[in-house]
Amino acid sequence: MLAHAFYLDLCLQCAWKEQLKTLPNPAVAALVLDENGAIVSLESHKECGKPHAEVLALQKAYAALSGDNAILSLKESQAIHSYLLKNAIPIFKDTMLYVTLEPCSSNKKGKTPSCAALLKTLKPKCVIIATQDCDKSAKGGAQELIEAGICVIKAWEVEALQAIHKQANALLLPFRLLQTQGKFMLFKYASRLDGSIDGGQISTHQAQSLMHDYRTKADVLLISGESVRVDNPRLDTRFATLEQRNPNVAILTRQKDFPKSAPLFEIPNRKVEILHSLEQVKALRGFIFCEGGSGLFKALQNSMDLTLVILSPNFKRDSNLTMSLNANFNLLHSEQIADDIFLWLIPKD
């Protein structure tokens, strides 16, 4: 079981790199081992409507195992499915597939075909799954595979894999909150090693680009009136690598006649709301992406689901503004993006 935990952990690390970019889909990754136990593919779902992680992993594995690279030119999920069903039936009989989330069942309706239906035909030797799918339209894939005669190992049923199962559920937090509550709130801020948050750009361009990717998936970008007054921001997605979509903006402020002179008001195809109470904030729905300082953090502290801290490995001696807060977190995940450290945190209570 230690080997299963190792490969599932590789999948989880891969899936976290796509966190939030796949919304409203979950972040998922999959890995294929050949008959000798060598990794032939490790892939993650990239964006809603695009091929699922299992399909991408099978696509790359097929090319590696068969030498047929023509499949790698295919980008649409249905085309990859069809190519595999036509050409790859015997290829996967001695392989093992690891995946962070239960493959979607044949009952699934959506933009991409069922992964369980594909796997039932390709018949890998074993499928190892980190956590089950609770979506009513997609769950049940594991049972389908078992009924098709495929060995299935479910981490949630194996004592030695409980830690991996817990980590897989943590990865799915944004997706599951959107499913069950209709909203998910993330608070993000960047700081240097000394805690300073003023004095110009803090994080790298790579981190900035990633934040703009997150903005493309946000239903609401929530900021404070103070941030608008001090930063005079555009709050657009000009540095995004995903298809640019400027989110709607909500500004939380006590000022009743808030001026609409900031560049953010000039961005086309967006709605800008001025909010004056936490009750109005609580009424927001969807993925709510909060960017701000200590004042906004304190106001939203009891409402946020996750906090993302981007820590820049620098000091700035002439800075004097820090986040003066009392807050305790559990660390869900950490990773390095360029020179920055991303810390995904959940409130301890």
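Residues numbered from 1 in each chain as written. Predicted model: local features only at pLDDT ≥ 70, side-chain atom pairs only at ≥ 80, totals over all residues. Heavy atoms only, no water.

A. Representation of the overall build of the protein chain in the model. Helices and strands together make up the secondary structure of the protein chain, namely 11 helices and 13 strands. Against the globule reference of 20 Å for 349 residues, the protein chain gives a C-alpha radius of gyration of 22 Å, in line with a compact fold. Across its three principal axes, the protein chain shows a C-alpha extent of roughly 65 × 40 × 35 Å. Counting over 349 residues, the protein chain shows a buried share of 52%. Within the protein chain, contacts between residues at least 6 apart in sequence are counted, and of these 73% link residues at least 24 apart. For the protein chain, the accessible surface area stands at approximately 16,300 Å², while carbon and sulfur atoms represent 49% of it. Computed over 39 positive and 36 negative side-chain charges, the inter-centroid distance for the protein chain is 4 Å. (Helix = DSSP H or I, 4+ residues; strand = E, 2+ residues; numbered from the N terminus. Rg over C-alpha atoms; globule rule 2.2 N^0.38 Å. Buried < 20%, exposed > 50% of the residue type's maximum accessible area, 1.4 Å probe, protein only. Contact = heavy atoms within 4.5 Å. Areas by Shrake-Rupley, 256 points an atom, 1.4 Å probe, with all protein chains shown as cover. Lys, Arg positive; Asp, Glu negative; His and termini not counted. Charge placed at Lys NZ, Arg CZ, Asp CG, Glu CD.)

B. Spotlight on the pairing of strand E2 (residues 39-44). Alignment of strand E1 (residues 29-33) against E2, held across five bridges, turns out to be antiparallel. Looking at the pairing, Leu-31 lines up with Leu-42 of E2. Between the antiparallel neighbours E1 and E2 lie five residues, among them Gly-37 with a positive phi of about 85°. (Pairing = 2+ DSSP bridges.)

C. Just the nonpolar core, in detail. Among the nonpolar cores identified, the biggest contains 54 residues, and Tyr-98, Leu-186, Phe-342 and Trp-344 are the most heavily contacted of them. In terms of residue count, the dominant contributor to this core is helix H1 (residues 2-16) (eight residues). A domain split of this core shows at least three residues from each of domain 1 (1-179) and domain 2 (183-348). Setting aside residues up to four positions removed in sequence, Leu-186 forms contacts with Leu-20, Phe-287, Ile-288, Phe-289, Cys-290, Leu-306, Thr-307, Leu-308 and Trp-344. (Core = buried A, V, L, I, M, F, W, Y, C linked by side-chain atoms within 4.5 Å. Domains from an automatic or database assignment.)

D. Seen up close, the domain arrangement of the protein chain. Taken domain by domain, the protein chain consists of domain 1 (1-179) and domain 2 (183-348). With centres defined by C-alpha atoms, the gap from domain 1 to domain 2 works out at 32 Å. Each side of the interface is counted separately: domain 1 has 13 residues, and domain 2 has 17 residues. Summed over both partners, the interface of domain 1 with domain 2 comes to about 1,500 Å²; 71% of that surface belongs to carbon and sulfur atoms. At the junction of domain 1 and domain 2, the tally comes to two salt bridges. Between Lys-17 and Glu-335 there is a salt bridge, with the nearest N and O atoms lying 3.6 Å from each other. (Buried area = accessible area lost by both parts, 1.4 Å probe. Salt bridge = Lys/Arg side-chain N within 4 Å of Asp/Glu carboxyl O.)

E. Just the environment of Asp-194, in detail. Topologically, Asp-194 is positioned in the loop between strand E6 (183-192) and helix H8 (205-217). Sequence spacing of Asp-194 and Leu-311 is 117 residues, and the spatial spacing of their C-alpha atoms is 9.8 Å.

F. Representation of unusual backbone geometry. Geometrically, the link from Leu-23 to Pro-24 is a cis peptide bond, its omega value of 5° lying close to zero. Within the secondary structure layout, Pro-24 lies in the loop between H1 and E1. If you check the backbone angles, Asn-269 has positive phi at about 60° while not being a glycine. Assignment of secondary structure puts Asn-269 in the loop between strand E8 (248-252) and strand E9 (272-275). For Asn-269, a relative accessible area of 78% puts it in the exposed group. One non-glycine residue, Ala-338, adopts positive backbone phi at about 55°. Note on placement: Ala-338 falls in the loop between strand E12 (329-337) and strand E13 (340-347).

G. Representation of the sheet that holds strand E11 (residues 306-312) in the model. Reading across from one edge, E9-E8-E7-E10-E6-E11-E13-E12 is the order of the eight strands in this open sheet, with mixed pairing throughout. Edge positions in the sheet fall to E9 and E12, since each of these pairs with one other strand and no more. Adjacent strand axes in the sheet meet at a mean angle of 20° when their direction is disregarded. Most of the contacts of H8 go to strand E10 (residues 286-291), to which it runs at about 145°, and overall it touches E6, strand E7 (220-224), E10, E11, E12 and E13. (Axes fitted to C-alpha atoms, helices over the stretch in contact; angles between N-to-C directions.)

H. Just the sheet that holds E2, in detail. Pairing in this open sheet of five strands is mixed, and the strands run E2-E1-E3-E4-E5 from one edge to the other. The two strands at the open ends of the sheet, each matched to only one other strand, are E2 and strand E5 (151-154). The sheet shows a mean angle of 15° between the axes of neighbouring strands, direction not considered. Along the sheet, helix H6 (residues 162-171) makes contact with strand E3 (96-101) and strand E4 (126-131), crossing E4 at roughly 65°.

I. Geometry of the packing of aromatic side chains. Here the structure, examined in full by the defined rule, presents 10 aromatic pairs. Considering the side-chain rings of Tyr-214 and Phe-289, the 6.2 Å spacing of their centres and the 70° angle between planes classify their relative orientation as edge-to-face. Taken as a pair, Tyr-214 in helix H8 and Phe-289 in strand E10 lie far apart in primary sequence, 75 residues in all. Look at Tyr-214 and you get buried, because its relative accessible area is 1%. One aromatic cluster in this structure is built from Trp-16, Phe-184, Tyr-214, Phe-287, Phe-289 and Trp-344. (Phe/Tyr/Trp six-rings, centres within 6.5 Å; stacked < 30°, edge-to-face > 60°.)

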